[in-house]
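# Inside the fold
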Amino acid sequence: MNKPIIAPSILAADFANLQRDIDLINRSDAGWIHVDIMDGVFVPNISFGLPIVDAVRRLAQKPLDVHLMIVQPERYLEAFARAGAATITVHYEACTHLHRTLTQIRELGCRAGVALNPHTPVPLLEDVLEQIDQVLLMSVNPGFGGQTFIEHTYRKIARLKHLLTTHRLPALIEVDGGVGPDNAGRLLDAGADVLVAGTSVFKADDPMAAIRELGEYPKPALA
Ligand SMILES: O=C(CO)[C@H](O)[C@H](O)COP(=O)(O)O
């Protein structure tokens, strides 16, 4: 059985105690630290920028999974790579030249991710799947933590899993938004490999236990 990768989203952390919350993730079963960058244009919210990513990198003992919810992300790839991103995920909806952008991310030594908004169909990725290390399926409309999970995400995971299996490609499937103990098992059964969780971790009475429990759902080993 493969264990899923749990990626706590620091969007829901206490920014007045960021060092404490990063340290908590360091000591937990989390595989990655999910870092949400919002520009107030692509999404109707602003989170934080490069200096915070650089600070998180200096505190973190786990890879930074950077999710760019920004327009023209290609302008900032080098800066986020330098700030310590292990993965850079850009939005399909924000990229005019997605193939080029993904190639640039890999050339910078990072894993290349593509995020799809809830309304964006999975098959649109078919011609760039070989350039992708992970696909992030948004299971809420991006911009805010604490939203309600959108149910049709299960179908999108299954569709993506089928596409990847058909093409024999190893990209990971990541799900982000409204993820918690009530849906983690079903998401993993559907084919998810990485679970991003903000509210269900940081608003839990015991965030360490919340991370551990999300990661305890067994899923079938890859064929
Ligand atoms: O990308 C995001 C919002 O756009 C967040 O990562 C996502 O919403 C996770 O937060 P929560 O678990 O609270 O839903």
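In this text the structure is predicted, and so the values were computed from the model without any measurement.

Rules used throughout
- Residues numbered from 1 in each chain as written.
- Predicted model: local features only at pLDDT ≥ 70, side-chain atom pairs only at ≥ 80, totals over all residues.
- pLDDT = per-residue confidence, 0-100.
- UniProt positions renumbered as here; feature names shortened; annotations may be inferred.
- Helix = DSSP H or I, 4+ residues; strand = E, 2+ residues; numbered from the N terminus.
- Buried ≥ 20, exposed ≤ 12 C-beta atoms within 10 Å, placed from the backbone.
- Right-handed = clockwise from strand over helix to strand, strands pointing away.
- Pairing = 2+ DSSP bridges.
- Contact = placed C-beta atoms within 7 Å.
- Axes fitted to C-alpha atoms, helices over the stretch in contact; angles between N-to-C directions.
- Arc of directions from axis to C-beta.
- Expected span 1.5 Å × (residues − 1).

Another aspect to go through is the confidence of the model for the protein chain. For the protein chain, per-residue confidence averages 96 on the pLDDT scale, and residues scoring 70 or more make up 96% of the total. For this predicted complex, the interface confidence comes out at an ipTM of 0.96, alongside a pTM of 0.96.

For the rest of this paragraph, the subject is the UniProt feature "binding site: substrate" (unreviewed entry) in the protein chain. In the UniProt entry, the feature "binding site: substrate" (unreviewed entry) is given for Ser9, His67, Gly143, Phe144, Gly145, Gly146, Asp176, Gly177 and Gly178. One can find aspartate 176 in strand S7 (residues 172-176). Residue class for aspartate 176 comes out buried when judged on the 25 C-beta atoms lying within 10 Å of it.

Here we take up the pairing of S7. Counted residue by residue, S7 has four buried out of five residues, so it is predominantly covered. You can see the chain leave strand S6 (residues 134-138), run along helix H5 (residues 153-166) and come back into S7, and the turn it takes is right-handed. Judged from the three bridges that link them, S7 and strand S8 (residues 194-197) form a sheet pairing that is parallel. Directly across from valine 175, in S8, lies its bridge partner leucine 195. Following the chain from S7 across helix H6 (residues 184-190) to the adjacent parallel S8, one finds a crossover that is right-handed.

With that settled, consider the UniProt feature "binding site: a divalent metal cation" (unreviewed entry) in the protein chain. Those places that UniProt annotates as "binding site: a divalent metal cation" (unreviewed entry) correspond, in this numbering, to His34, Asp36, His67 and Asp176. In terms of the greatest pairwise C-alpha distance, the residues named above, spread along 143 residues, form a tight cluster of at most 10.6 Å across. The contact partners of histidine 34, leaving out residues within four places of it in the chain, are Ala7, Pro8, Ser9, Ile10, Asp65, His67 and Val196. With residues up to four places along the chain from it excluded, the contact list for aspartate 176 reads Leu136, Met138, Ser139 and Val196.

The subject of this paragraph is the sheet that holds S8. Taking strand neighbours across the sheet as the criterion, the eight strands line up as S1-S8-S7-S6-S5-S4-S3-S2 in an open arrangement whose pairing is parallel. At either end of the open sheet lies a strand with only one pairing partner, and these are strand S1 (5-8) and strand S2 (33-38). Going from strand to strand, the sheet's axes swing by 25 degrees on average, the running direction of each strand aside. In terms of strand pairing, S1 meets S8 through four bridges, oriented parallel. Considered in S8, the bridge of isoleucine 6 is made with leucine 195. Its contacts with the sheet put helix H2 (residues 50-59) on S2 and strand S3 (64-69), and the angle it makes with S3 is roughly 165 degrees.

Within the element layout of this structure, leucine 68 appears in strand S3. A sequence separation of 83 residues divides leucine 68 from glutamate 151, and the C-alpha atoms of the two residues are 23 Å apart. In this structure leucine 68 touches Ile37, Pro73, Tyr76, Ile88, Thr89 and Val90, once residues within four positions along its chain are discounted.

Right, let's get into helix H8 (residues 207-214). Pro207, Ala210, Ile211 and Leu214 are the residues of H8 that are buried. Looking down the long axis of H8, one finds its buried residues gathered within 100 degrees of arc, a one-sided arrangement.

With that settled, the discussion passes to H5. Because an α-helix packs 3.6 residues into every turn, residues spaced three or four apart end up facing the same way. Spanning 14 residues, H5 covers 20 Å between terminal C-alpha atoms, matching the ideal 20 Å at 1.5 Å per step. For H5, every residue scored as buried is listed here: Thr153, Tyr154, Lys156, Ile157, Leu160 and Leu164. Mapping the buried residues of H5 onto a view down its axis gives an arc of 160 degrees, with all of them on the same face. Residues Arg155, His162, Thr165 and Thr166 are exposed on H5 and point more than 90 degrees away from its buried face. In this structure, the buried residues of H5 make contact with S6, S7 and H6. Count one or two residues on from H5 and you reach arginine 168, which has phi positive near 55 degrees.

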